[in-house]
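# Structural overview for review
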Amino acid sequence: MRPDARIAAAIAILDEILAGVPAEQAMTRWARSSRFAGSGDRAAIRDHVFSALRCRGSYTAFAGLQVPSGRALMLGYCLASGIAVDDRFTGETFAPDRLTPAERERMRPPETFAPAILAELDCPAWLLPELRRSLRDDLPASLLALRERAPVYLRVNAAKSSVSDAASLLSSEGIEVRPVAGAELALEILSNAGRLRNARAYREGHVELQDISPQAAVDTLDLVPGARVLDYCAGGGGKALALAARGVAKLTAHDIDPRRMADLPARAVRAGARIKICDRNALRAKTFDLVLLDVPCSGTGTWRRTPDAKWRLTPARLEELRRLQATILDRASAHVAPAGHLAYMTCSLLVEENRDRIDDFLARNPGWRLDGDRLFTPLSGGDGFYSALLTRGSGAA
C-alpha cells in the first residue's frame, strides 16, 4: 500500500473507533476485509491508529478542531510527525481527499503548543483533578510519557534460563534485547518484537511478556519456603507464572471468569510451572499464606498500550470499579490465613483506586495492617502500577 492509502485506512478505522467500536475489534475487522494488505501495511496502519488514540486531543487541536474525526486525527498525526500533508492527502485513488482551504486555514503548528498543554489535551479533562491528586508534581511528565509508544519488556523465567542465556537465544533469532537496570530478570525488546511469538525462547518458556512494573511488584513479595499462594484474580496468569519462577510450589490460580484463564495451563506447561486452577466452589473455605489480588481497574497506568480505554472511561464506570474493588478485597481477604498476607495491585495511577481503597478496607477491618505500598509511574520506565502489602493479625477471624 502507498503511504497515502495507509493514512486513508487509518482514517476509516479511527472513525469506527470514535463511533464506539473497541480499537482491537476495529483493527481486526479492517484486516479481515483488506486481505491485500501485507504485514508491513498492517503494522504501519496500527501505528498510525494507536498514535492518534494516544494523542487524540492534541492531534485534533493541531487540525484546528475541538471534536475529533478520523480525518482530523490523521491530519494532526502528519503535522506532529513532520510529514508534508499534501504527500498524504493526495486525492488519488484509495487516498484521502486533498485538504480544503478551510482545513488549511485552521491548521495549527504543533510547536505553538507548550508541553504542559499537550499533556492535558491528551487526557480526559474530568480525570485531571484526580490525576493531579495522585501524581502531584509528576503529573505533566507522566501524561507526556503516556503519549508515547510503550516499551516491550520480557520476564526471564529463572526456572529455565538466565538473563544472558535468554538474551543470546533471542539474538540468535534476530530479536534484539537489552537488560533493564534495576530489574533483575527483565529484558527490553529493541527490535523485531513481532518475531517473539514464534521464537524458541518464547515457545519453550524461557521468557514471558510482562511489563517491568508488575515484575518489580511481584519481586518485592517476601515468600517463605512452602508458602501457600493464591492468585485470586489470575486472568492470563502472568503473575502466577512469575511466582512459580521464584520457586512457589503450592500455587493456586482463580478468576471469577474462568475463560480468562483458558491459556494458563498451556503457559504453565511451557514455563515448567505447576499451578492448580481452582473455581469459586473449590476455593470455598480455603486459606493461604499469601493472596495476590490484581483487581479490575481503570487501567490509567496502561494508556500507552490501550489508548482508546482512556477515552471510553466514564465517571460512572470509575465508581462501579471502586465498588467492585472494595467487594473483591473483602472476599479475597477471607482466604488469607491468620498472620498471612494480601498483596493488592492495580494498573491504575488513581489514588481513589489505590490507597483510598486500602484505607477504606483497613477502616472496615481493624484486624489488618498495611506493611507498605508503592506507586510506579511511567517515569520509572514501565506502566503505571500500584501495589500494597497487607498483613492479617494472628488473632483475626
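Notes on the structure in this doc start here. If you're wondering where the values come from, they're calculated on a predicted model, not measured in any experiment.

Criteria and cut-off values
Residues numbered from 1 in each chain as written. Predicted model: local features only at pLDDT ≥ 70, side-chain atom pairs only at ≥ 80, totals over all residues. Heavy atoms only, no water. Axes fitted to C-alpha atoms, helices over the stretch in contact; angles between N-to-C directions. Helix = DSSP H or I, 4+ residues; strand = E, 2+ residues; numbered from the N terminus. Parallel < 35°, antiparallel > 145°, perpendicular 65-115°, else oblique. Left-handed = near helix turned anticlockwise from the far one by under 90°. Contact = heavy atoms within 4.5 Å. Nonpolar A, V, L, I, M, F, W, Y, C, P; charged D, E, K, R; others polar. Salt bridge = Lys/Arg side-chain N within 4 Å of Asp/Glu carboxyl O. Buried < 20%, exposed > 50% of the residue type's maximum accessible area, 1.4 Å probe, protein only. Phe/Tyr/Trp six-rings, centres within 6.5 Å; stacked < 30°, edge-to-face > 60°. Lys NZ or Arg CZ within 6 Å of the ring centre and 35° of its normal. Disulfide = S-S within 2.5 Å.

## Describing the packing of helix 1 (residues 3–18) against helix 3 (residues 39–54)
Close contact between helix 1 and helix 3 brings their axes to 9 Å; oriented N to C, the two are set at 50°. With respect to helix 3, the axis of helix 1 lies oblique. Regarding helix 1 and helix 3, the two cross each other, and that crossing is right-handed. Between helix 1 and helix 3, the contacting residues are R6, I7, A9, A10, I13, L14 and I17 on the first element and G40, D41, A44, I45, H48, V49, A52 and L53 on the second. Its residues assigned to classes, the contact of helix 1 with helix 3 comprises eleven nonpolar, two polar and two charged.

## Thoughts on the pattern of salt bridges
As enumerated under the stated definition, the model contains 33 salt bridges in all. Here R147 and D122 are joined by a salt bridge, their closest N and O atoms 2.5 Å apart. Taken together, the residues R147 in the loop between helix 9 (139–145) and strand 1 (152–156) and D122 in the loop between helix 7 (115–121) and helix 8 (128–135) connect sequence positions 25 residues apart. In this structure, E208 engages R267 in a salt bridge whose closest nitrogen and oxygen atoms are separated by 2.9 Å. Placement of the pair is E208 in strand 4 (residues 207–209) and R267 in helix 14 (residues 264–271), with a sequence separation of 59 residues. Considered together, E208 and R267 belong to a single accessibility category, that of buried residues. A single salt-bridge network, built from bridges that share partners, covers D211, R304, R305 and D383.

## As for the packing of aromatic side chains
Taken as a whole and judged by the stated rule, the model has five aromatic pairs. Chaining the aromatic ring pairs together yields one cluster made of Y59, F62, Y77 and F113. The positively charged end of R270 is found above the aromatic ring belonging to Y202, 4.5 Å away from the centroid.

## Points about the state of the cysteines
Think of a disulfide as a covalent bridge from one cysteine sulfur atom to another cysteine sulfur atom. Enumeration according to the criterion identifies zero disulfides in this entry. With no disulfide partner, C55 has as its closest neighbouring cysteine sulfur the one in C123, 12 Å distant. On the basis of relative accessibility, which here comes to 5%, the residue C55 falls in the buried class. For C123, a relative accessible area of 3% puts it in the buried group.

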